[in-house]
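Residues per chain are reported as follows:
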Amino acid sequence: QVQLVESGGGSVQPGESLSLSCVVSVPFFIMQSMAWYRQAPGKQREVVAKIFSGGPSNYADSMKGRYTISRDNYKNTVPLRMNRLNPEDTSVYYCNCRPKLLDWGQGTQVTVSS
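1. As for the nonpolar core
- Ranked by size, the top nonpolar core spans 25 residues in total, and within it Trp36, Val78, Leu80 and Met82 carry the most contacts.
- Breaking this core down by element, the ones donating at least two residues are strand 3 (18–24), strand 4 (33–39), strand 5 (46–51), strand 7 (67–69), strand 8 (80–82), strand 9 (91–98) and strand 10 (108–112).
- Of all the elements, strand 3 adds the most residues to this core, at four residues.
- Sequence-distant contacts of Met82, defined by excluding residues within four places in its chain, comprise Glu16, Ser17, Leu18, Leu20, Arg66, Tyr67, Tyr93 and Val110.

Right under this line is the structure:
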């Protein structure tokens, strides 16, 4: 029933890094485009990074140069490396399939504060 499980969040200081992971339990994962999203309190959920089935990726402007999305088609995981974090990155981070979304997982909390 649970198809998306995010992990790896935590509390860090500005400038530090975190590595998130998403375990995806779907058939034919190798053919599935994926994305990471985030949603802060009072704000809409936004796409932060996308990765296509073949490997190419793209990012929202504020994440370019800091975030790196990848995929492991053998392990059915979608890692997200976040570098040089700042307080504006504080949010709950989710992964999901795209363009057709599955039910959302619980997400993983990232808190960046000094």
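2. As for a nonpolar patch on the surface
- Taken together, the side chains of Val2, Val5 and Val23 present a nonpolar region at the surface, about 240 Å² in accessible area.
- Mapped onto the elements, Val2 comes out in the segment before strand 1 (4–7).
- Val2 sits in the exposed class, given a relative accessible area of 60%.

3. What about the sheet that holds strand 3?
- Reading across from one edge, 1-3-8-7 is the order of the four strands in this open sheet, with antiparallel pairing throughout. Strands with a single pairing partner mark the edges of an open sheet, and in this sheet they are strand 1 and strand 7. Strand-to-strand twist across the sheet, computed as the mean angle between neighbouring axes with direction ignored, equals 15°.
- Bridge count between strand 1 and strand 3: four bridges; the pairing is antiparallel. Opposite Val5, over in strand 3, you have Val23 as the bridge partner.

Each value, and the rule that gives it
Residues numbered from 1 in each chain as written. Predicted model: local features only at pLDDT ≥ 70, side-chain atom pairs only at ≥ 80, totals over all residues. Heavy atoms only, no water. Core = buried A, V, L, I, M, F, W, Y, C linked by side-chain atoms within 4.5 Å. Buried < 20%, exposed > 50% of the residue type's maximum accessible area, 1.4 Å probe, protein only. Helix = DSSP H or I, 4+ residues; strand = E, 2+ residues; numbered from the N terminus. Contact = heavy atoms within 4.5 Å. Patch = residues over 30% accessible without salt bridge, like charges linked within 9 Å, V, L, I, M, F, W, Y side chains within 5 Å. Areas by Shrake-Rupley, 256 points an atom, 1.4 Å probe, with all protein chains shown as cover. Salt bridge = Lys/Arg side-chain N within 4 Å of Asp/Glu carboxyl O. Pairing = 2+ DSSP bridges. Axes fitted to C-alpha atoms, helices over the stretch in contact; angles between N-to-C directions.

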